[in-house]
Structures are given as structure tokens and as C-alpha cells.
Amino acid sequence: MPDIEFFRGCFNTYLENRLNTKEPHNLYDPIVYIMDLGGKRLRPILTLISADVFGGKHEDALDAALAIEVFHNFSLVHDDIMDAAPLRRGEKTVHKKWDINTGILSGDVMLINSYQYFENYPADLFKSLIKVFSTSAIEVCEGQQYDMDFERSDQVTVPDYLKMITYKTAVLIAAGMKMGAIISRASEKSQDAIYDYAINLGIAFQLQDDYLDAFGDPENFGKQVGGDIIENKKTFLYIKAMELSAAEDKNELKNLFSIKPANPKEKIETVKEIFIRSGAAVVTREEIEKYTRRAFELLNSLEAPENKKEVLKNFGNRLMNREV
């Protein structure tokens, strides 16, 4: 069974061959720019692995993997505009390097491109793939709306938050893996099982991302550390800190998440101290491990050769221990 780096290399090569700039340059150059920034390529790699796990050819899943990655990066371009984020993967965001209007329009083209990649599949597969992809694309938008709504709400619960990150992050990972199974013509039972595995993996991934946003190394993380704190996002860390903190810390945390100071350094450090003091940081790490274990349990029950499933186990282990 090929390892993770093999699938990453296959996808990156395919991406390089399919990605090119054309006129008007101010429309297409930003697309090449954001795609060239790299990233973990988590979603397309898992799409290729899924196809391989169920006995198909990973090469047949390359267009579906490309659709997932282009859609994901489209969502990042628009999310960065909404969040007024200055950095993405350690470099200027598209709207900072160009302007907001360019970011919106280039993102729109990326969204349309992501659907075009499915045109290479036969009619029966096309219908199944588009159904999964479109459902997940809508859920990603719903998740983003929940995320924005939570910024203005003081009543966000853990179930609310888990629903939001399931939609915003996990469903796209799960859609990619289910599409890999569809392309390999796996049974519906297997398609559903790999989807559920990926949902749990995606939740673990997003919880880890939230944790690293507060406690990651700026040089490794690739984004502005403390960005969620600056934007007053009600992450799992915040919700648990509000549950577990003493009254004084709870009031201070609530006040800090109602302001956006020009220099946020002191706010970030104070919030992180409360996250640690309350035990929220430890609980978050425990939740990451819980959802990763749950994903492994689902993987163990999957009807697929053990040697094929091993690469997914390795991927999950790397995810749980990642620093970027």
C-alpha cells in the first residue's frame, strides 16, 4: 500500500499540470497564488486514499480530489475576506495582496471550476458525485454562517459548536472520502462507513486547528496565532473555559470577547492564560484524542483489507500529533 507522501506527490503533480494562469491575469493569478501556497492537502489526499482502499485506481479519483481542494481554497479566499485575515499559510491573503473585489471574483471562478472537474466522469458516477459534493458545499456555507452568528451570541453550547465545525470542516473531508468510494464503486454500506470515519476525523482536525490557533508556533502554524481570539470566535476552548472558569475569569473572558483592541497582544495572552487556568486547554486536547479514537474504531470495522486501512491509521496518528 503506498504511503501518504505518495498520494500527496500524485496530487501535487496533477495540480501543477492542471493549474495555469491566463488572461485576465488579475482574475487568474490570485487562483494560482492561493493554490501554490500549499497547505496540508488533507482533503484530496484522503480522496485518493479512499479510492485505493476500496480497490479502485487512485488516478481515477484525481479530478474529484482536485474539485475538493479547489472548493476548499475558494472557501478560504472568501473566509479570509469575511475575517479580515492578513495571513494565510504564512503569506498575504488574496484580498491583501490584491483587493477585496478581486478576492470575491477569483473565488467565484474557483467555485465554478470545482464543479467543472466532475465533467470527466461517466454519467452514473457524475450524478452520485455531484449529489454528495453539492450537499457538502451547502453545508460548508451553513457552517460558515453559524460561525459568524456565534460571534454575536453569548449562548453558544458545545453541541452548537460541534454542529458548526462538522458543517464547516468535517463534511468536506467526508465528502471527499465518500467520493473516492463512489469512484471505486464500493457498496453503499462502505460509502457510508468511510463518510462517518471522515466526519470524526474532520472534527478532530478542526479541534486541533482551534487549539493550534491559540497555542501553536507562529513559524510552523502558517496563520496569525490568536486569530480566533482577535475575531472573538466562540471556539471549543472558549466555550469550555466559560463552563469551567471561576466567576472572575468568566467575566473577564466575556468582556475580552466583546472588544477588538487595536493592539490585541495583551488580549491574546490574557485569554490564553484563562484557557490554561480553567483546564479548557487540557479538555480540548482530550476531545481531539476522543474523536480520533472514534475514527479509528470506525476504520477497524470497515470492510477493506487491513494493509489498505493502515495508511488511514497512520494519517490519523499524524493528525492527532500535528503542530501545523
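K.L.:
Would you mind going over the overall build of the protein chain with me for this structure?
P.N.:
A count of helical and extended segments in the protein chain gives 16 helices and two strands. Against the globule reference of 20 Å for 324 residues, the protein chain gives a C-alpha radius of gyration of 20 Å, in line with a compact fold. With respect to the principal axes defined by its C-alpha atoms, the protein chain has extents near 60 × 50 × 30 Å. Expressed as a percentage of contacts within the protein chain between residues at least 6 apart in sequence, the contacts between residues at least 24 apart total 73%. Accessible surface computed for the protein chain: about 14600 Å², of which carbon and sulfur atoms make up 50%.

K.L.:
Please explain the pattern of salt bridges as it appears in this structure.
P.N.:
A pair can form between side chains of opposite charge whenever their charged atoms are brought close. Applying the stated criterion to the full structure yields 20 salt bridges. A salt bridge links Glu 303 to Lys 189; its shortest N-O distance comes to 3.1 Å. Note that Glu 303 is positioned in the loop between helix H15 (280-300) and helix H16 (306-320) and Lys 189 in helix H9 (residues 188-215), a separation of 114 residues in sequence. Each of the two residues, Glu 303 as well as Lys 189, counts as exposed. A network of salt bridges, in which partner residues are shared, links Asp 83, Asp 147, Glu 151, Lys 168 and Lys 233.

K.L.:
Honestly, the packing of aromatic side chains in this entry has me stumped. Any pointers?
P.N.:
By convention here, two paired aromatic rings are described through the distance between centres and the angle between planes. Under the defined criterion, the tally for this structure stands at ten aromatic pairs. Both rings, one in Tyr 211 and one in Phe 215, keep their centres 5.1 Å apart while their planes meet at 40°; by these two values the pair is tilted. With Tyr 211 and Phe 215 both in helix H9, this residue pair falls four residues apart, about one helical turn. The exposure class of Phe 215 is partly exposed, given its relative accessible area of 23%.

K.L.:
Honestly, empty space enclosed by the protein in this entry has me stumped. Any pointers?
P.N.:
A water-sized probe rolled over the atoms picks out the places where empty space is left. With the rule as written, the count across this model stands at one cavity of 30 Å³ or more. There is about 50 Å³ of room inside the largest cavity. For the lining of the largest cavity, the elements supplying multiple residues, two or more each, are H9 and helix H11 (227-230). The leading source of residues in the lining of the largest cavity is H9, at three residues. Here the residues of the lining of the largest cavity are counted per class, giving five nonpolar, one polar and four charged.

K.L.:
Whenever I open this one, the environment of Phe 215 confuses me. Can you help?
P.N.:
The spacing of Phe 215 and Leu 312 is 97 residues in sequence and 26 Å in space, taken between C-alpha atoms. Sequence-distant contacts of Phe 215, that is, excluding residues within four places in its chain, are made with Leu 237, Lys 272, Phe 275, Ile 276 and Ala 281.

K.L.:
How should I be thinking about helix H14 (residues 265-278) in this particular structure?
P.N.:
Residue pairs spaced three or four apart in an α-helix point in one direction, given the helix's 3.6 residues per turn. In this model, H14 (14 residues) spans 20 Å end to end at C-alpha, consistent with the 20 Å of a helix rising 1.5 Å per residue. Within H14 the residues assigned to the buried category are Lys 267, Ile 268, Thr 270, Val 271, Lys 272, Ile 274, Phe 275 and Ser 278. Of the surrounding elements, those touching the buried residues of H14 are H9, H11, helix H12 (236-244), helix H13 (247-256) and H15. Just past H14, the residue Gly 279 takes up positive phi, approximately 95°.

K.L.:
Would you take a moment to explain the packing of helix H4 (residues 62-83) against helix H7 (residues 123-151) for this structure?
P.N.:
A pair of packed helices can be characterised by two numbers: the angle between their axes and the separation between those axes. At a closest axis distance of 12 Å, the pairing of H4 and H7 adopts a crossing angle of 20°. Between H4 and H7, the interaxial angle falls into the category roughly parallel. Between H4 and H7 the crossing geometry is right-handed. The residues of H7 that touch H4, namely those facing Ala 67, Ile 68, Phe 71, Asp 79 and Met 82, are Phe 133, Ala 137, Val 140, Gln 144 and Met 148. In terms of residue class, the contact of H4 with H7 is made up of eight nonpolar, one polar and one charged.

Basis of the calculations
- Residues numbered from 1 in each chain as written.
- Predicted model: local features only at pLDDT ≥ 70, side-chain atom pairs only at ≥ 80, totals over all residues.
- Heavy atoms only, no water.
- Helix = DSSP H or I, 4+ residues; strand = E, 2+ residues; numbered from the N terminus.
- Rg over C-alpha atoms; globule rule 2.2 N^0.38 Å.
- Contact = heavy atoms within 4.5 Å.
- Areas by Shrake-Rupley, 256 points an atom, 1.4 Å probe, with all protein chains shown as cover.
- Salt bridge = Lys/Arg side-chain N within 4 Å of Asp/Glu carboxyl O.
- Buried < 20%, exposed > 50% of the residue type's maximum accessible area, 1.4 Å probe, protein only.
- Phe/Tyr/Trp six-rings, centres within 6.5 Å; stacked < 30°, edge-to-face > 60°.
- 1 Å grid on protein atoms, 1.4 Å probe; cavity = no way out; pocket = protein on both sides within 12 Å on 5 of 7 lines; lining within 4 Å.
- Points joined across faces, edges and corners; volume = space filled by probe spheres on them.
- Nonpolar A, V, L, I, M, F, W, Y, C, P; charged D, E, K, R; others polar.
- Expected span 1.5 Å × (residues − 1).
- Axes fitted to C-alpha atoms, helices over the stretch in contact; angles between N-to-C directions.
- Parallel < 35°, antiparallel > 145°, perpendicular 65-115°, else oblique.
- Left-handed = near helix turned anticlockwise from the far one by under 90°.

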